[in-house]
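Secondary and tertiary structure notes
The primary structure of each chain is shown beneath.
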Amino acid sequence: MGVRKNRYQIDIIIEARMNSSRLPGKILLSVVGKPLLQLMIERLNIIDLVDNIIIATTKNPKDDVIVSLCEELNTPFFRGSENDVLGRVLQAAQKYETDIIVEITSDNPLVDPELCKYVIEEFLNKMDEFDFVSNDMGCYSSDYEITYPLGLCNTKIFKTSLLEEVEKSTTNPVDREHVVNYIINNPDKYKLYNVEASGEYQRTDMRFTLDYPQDYEVIRSVFEALYPSKPNFTASDIINFLDANPHIKDLNKDCVQERYEYQ
């Protein structure tokens with residue numbers, strides 16, 4: 001555990017597991033000689049507002065390799081339920097005494113640290129007004145527009161105390177699998193703020209999340225082009241590279257994000 005940097009302990013909790021129906025073991029696929037999860041941790045470590053990065057994985061023996069990587073990198077981790085992701089994230093936060101959870105999933109290895117930091121700052125500046133701040137509410141509710149490219153900064157921020165309340169409020173399997181689903185779909189109960197993209201980041205024609213082999217090819221190409229000369233490359237660098245290389249940008253243009261029905 002690091003030295004607390006703020007009045008509140010702010011921890012990024014990354015949900016990570018090896019099981020994936022479309023691309024098994026995707027988070028440990030190698031790029032520039034490193035597992036993608038390691039590269040993602042490297043990028044998020046740049047955020048100076050964050051106290052810890054915690055990997056919330058499962059008790060499935062297949063995820064032993066994730067634990068081994070965490071131990072190698074000296075990264076905190078927690079093992080919990082495979083299907084009850086909400087419970088797993090909450091228990092991880094409780095174990096490490098997290099006050100404010102920054103929830104990010106492990107299929108976003110190109111996540112941009114500066115954009116994430118901006119969303120965190122929005123939460124800290126608006127804590128008296130809002131219970132929950134995110135930049136991807138459109139992924140969970142049609143009441144909001146998706147304005148950022150998927151995978152560039154899918155960041156959700158809320159207090160651990162809020163998730164403790166939610167944990168007691170729902171047993172719906174969809175809510176338990178998608179940690180913030182209950183919060184976003186109960187706007188009468190919680191005060192929500194959706195951070196919208198502006199300027200060059202309004203590029204929903206680009207896709208950076210990792211679900212399909214084509215996504216991996218795009219992500220691999222970006223890292224191989226930018227990482228060797230600039231490990232801390234930015235969202236702008238990624239966008240400029242793909243605009244200059246449309247044949248790479250278009251590799252995953254037909255990949256469709258899986259949607260789920262909330263009942």
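Heads up: the structure comes first, above all this text.
Just so it is clear, the model here is predicted, and its values are computed rather than measured.

1. A short note on the overall build of the chain
Counting its regular elements, the chain contains 10 helices and nine strands. Seen through its principal axes, the chain has C-alpha atoms that stretch 45 × 40 × 35 Å. For the chain, the residues scored as buried account for 56% of the 263 residues in total. Here the contacts in the chain between residues at least 6 apart in sequence split such that 73% fall between residues at least 24 apart. Carbon together with sulfur atoms contributes 45% to the accessible area of the chain, which is approximately 11,800 Å² in total. The centroid of the 28 positive side-chain charges in the chain is displaced by 2 Å from the centroid of its 44 negative side-chain charges.

2. Details of the environment of Pro 76
The residue Pro 76 is located in the loop between helix H2 (64–73) and strand E5 (77–80) in this model. Linking Pro 76 and Tyr 8, residues 68 residues apart in sequence, is a C-alpha distance of 18 Å. Residue contacts for Pro 76: discarding those within four places in its chain leaves Ile 53, Ile 54, Ile 55 and Tyr 96.

3. What about the packing of helix H8 (residues 213–226) against helix H9 (residues 235–244)?
Relative orientation of the contacting elements H8 and H9 amounts to 105 degrees, with a least axis distance of 11 Å. In terms of orientation, H8 and H9 fall into the roughly perpendicular class. Residue-level inspection shows Val 218, Ser 221, Val 222, Ala 225 and Leu 226 of H8 in contact with H9, the latter providing Asp 237, Ile 238, Phe 241 and Leu 242.

4. Overview of the pairing of strand E6 (residues 100–105)
The side chains of a regular strand alternate between both faces of the sheet. With respect to burial, E6 is a largely interior element, five of its six residues being buried. As paired strands, strand E1 (residues 10–15) and E6 are joined by six bridges and run parallel to one another. Bridging across to E6, Ile 12 finds its partner in Val 102. In this structure, E6 lies alongside strand E8 (residues 156–159), joined through four bridges in antiparallel fashion. Considered in E8, the bridge of Glu 103 is made with Lys 156.

5. A closer look at the environment of Ile 157
Within the secondary structure, Ile 157 is located in strand E8. With a relative accessible area of 0%, Ile 157 lands in the buried category. The sequence separation of Ile 157 and Ser 134 amounts to 23 residues, and the corresponding C-alpha distance is 6.2 Å. In this view, Ile 157 contacts Ile 100, Ile 101, Val 102, Val 119, Ile 120, Phe 123, Asp 131, Phe 132 and Val 133; residues no more than four positions away in its chain are not counted.

6. Considering the packing of aromatic side chains
All chains considered together, the criterion is met by five aromatic pairs. Measuring from ring centre to ring centre gives 5.9 Å for Phe 132 and Phe 158, while their planes differ by 20 degrees; the resulting arrangement is stacked. Highlighted residues: Phe 132 in strand E7 (residues 132–134) and Phe 158 in strand E8, separated in sequence by 26 residues. The two residues Phe 132 and Phe 158 agree in class, both being buried. Arranged with centres 5.4 Å apart and planes meeting at 75 degrees, the rings of Phe 223 and Phe 233 form a pair that is edge-to-face. You can see Phe 223 sitting in helix H8 and its partner Phe 233 sitting in the loop between H8 and H9, a full 10 residues away along the chain. Grouping aromatic residues by their ring pairs yields a cluster made of Phe 223, Tyr 227 and Phe 233.

Reading guide: rules and limits
Residue numbering note: each chain is counted from 1, following its sequence as written. In keeping with the model being predicted, local features are shown solely for residues with a pLDDT of at least 70 and side-chain atom pairs are shown and tallied solely at 80 or more, while totals for entire chains, interfaces and linings include all residues. As a convention, hydrogens and water are excluded, and side-chain values are obtained from all of the structure's heavy atoms. Where helices and strands are cited, they refer to DSSP runs of H or I of at least four residues and of E of at least two residues respectively, numbered from the N terminus. Burial classification: accessible surface area is computed with a 1.4 Å probe over protein chains only, and a residue below 20% of its type maximum counts as buried, one above 50% as exposed, and the rest as partly exposed. We call two residues in contact when some of their heavy atoms are within 4.5 Å. Reported accessibility uses the Shrake-Rupley method at a 1.4 Å probe radius. Residues are deemed covered only where the shown protein chains occlude them. Counted as positive: Lys and Arg. Counted as negative: Asp and Glu, with His and the chain ends omitted from the count. Just so you know, the charge point we use is NZ for Lys, CZ for Arg, CG for Asp and CD for Glu. Only the stretch in contact is used when fitting a helix axis, every axis being a line fitted to C-alpha atoms; angles between N-to-C directions are given from 0 to 180 degrees. Every angle not falling under 35 degrees, over 145, or within 65 to 115 is termed oblique; those three ranges are roughly parallel, roughly antiparallel and roughly perpendicular. Strand pairing follows a simple DSSP-based rule, namely that at least 2 bridges must link the two strands. When the centres of two rings from Phe, Tyr and Trp lie within 6.5 Å, Trp using its six-membered ring, the rings pair. Their planes under 30 degrees apart give stacked, over 60 give edge-to-face, and anything left gives tilted.

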